[in-house]
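Read off the chains here:
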Amino acid sequence: MKRYFNIPLAIVLLAGVLVVGAQAQSRNAQRVIATIPFAFNVGKTTLPAGRYTITVLNSSSDLKILQVRSTDGRSRAIMLTASVPVTATEHAKLVFERYGDRYFFGKPERSKKNALAKANKKRTVVIAAE
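Residues numbered from 1 in each chain as written. Predicted model: local features only at pLDDT ≥ 70, side-chain atom pairs only at ≥ 80, totals over all residues. Heavy atoms only, no water.

Describing the pairing of strand β6 (residues 76-80)
Then, in step 1: Only one face of β6 is covered, namely the one carrying Ala77 and Met79; the face carrying Arg76, Ile78 and Leu80 has none of its residues buried.
Then, in step 2: For strand β5 (residues 65-70) and β6, the ladder comprises five bridges, and the chain directions are antiparallel. What sits directly across from Gln67, in β6, is Ile78.
Then, in step 3: Between β5 and β6, which pair antiparallel in sequence order, lie five residues; one of them, Gly73, sits at a positive phi of approximately 80 degrees. (Buried < 20%, exposed > 50% of the residue type's maximum accessible area, 1.4 Å probe, protein only. Helix = DSSP H or I, 4+ residues; strand = E, 2+ residues; numbered from the N terminus. Pairing = 2+ DSSP bridges.)

Rendered as structure tokens:
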């Protein structure tokens, strides 16, 4: 009889620990908000101009996953960054690569990058975070 009581108790305790851990992670999430005045690509996804929140989803890992989401919730994309330190600060800046009239947050895919580079000059565009 005691065994049947211990299993539900263990499940409740485990659920409590998971909820507390999830809340602690969401409070520590690194976040940057910026108004981006042009449409841009994140990987294969094209996002319209607007106000965006960029969040590091897994701050404890070497490879960072960034979520780019419009503040109205209508547009979003996720990207994996290289193994570099990513820290959101008060003076954070977002860097875009521009090929002609197309903007890329992060690096465009290699085949697309080569085609764009042949047709247009590459320029770097920096947007200050709010």
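A short note on the sheet that holds β6
Sheet strands pair via backbone hydrogen bonds, and the direction of the pair is either parallel or antiparallel.
Then, in step 1: If you walk across this open sheet you meet the four strands as β1-β4-β5-β6, and the pairing is antiparallel. Whereas interior strands pair on both sides, the edge strands pair on one side only; in this sheet they are β1 (30-36) and β6. Along the sheet, successive strands turn relative to each other by an average axial angle of 20 degrees, direction set aside.
Then, in step 2: With five bridges connecting them, strand β4 (residues 50-56) and β5 associate as antiparallel partners. Residue pairing for β5: Thr55 is matched across the bridge by Gln67. (Axes fitted to C-alpha atoms, helices over the stretch in contact; angles between N-to-C directions.)

A look at the environment of Pro37
Then, in step 1: Within the fold, Pro37 resides in the loop between β1 and β2 (40-42).
Then, in step 2: The exposed category is assigned to Pro37, whose relative accessible area is 61%.
Then, in step 3: Separated by 90 residues in the primary sequence, Pro37 and Ile127 place their C-alpha atoms 9.1 Å from one another.
Then, in step 4: Not counting the four nearest positions on each side in its chain, Pro37 is found in contact with Ala49 and Ile127. (Contact = heavy atoms within 4.5 Å.)

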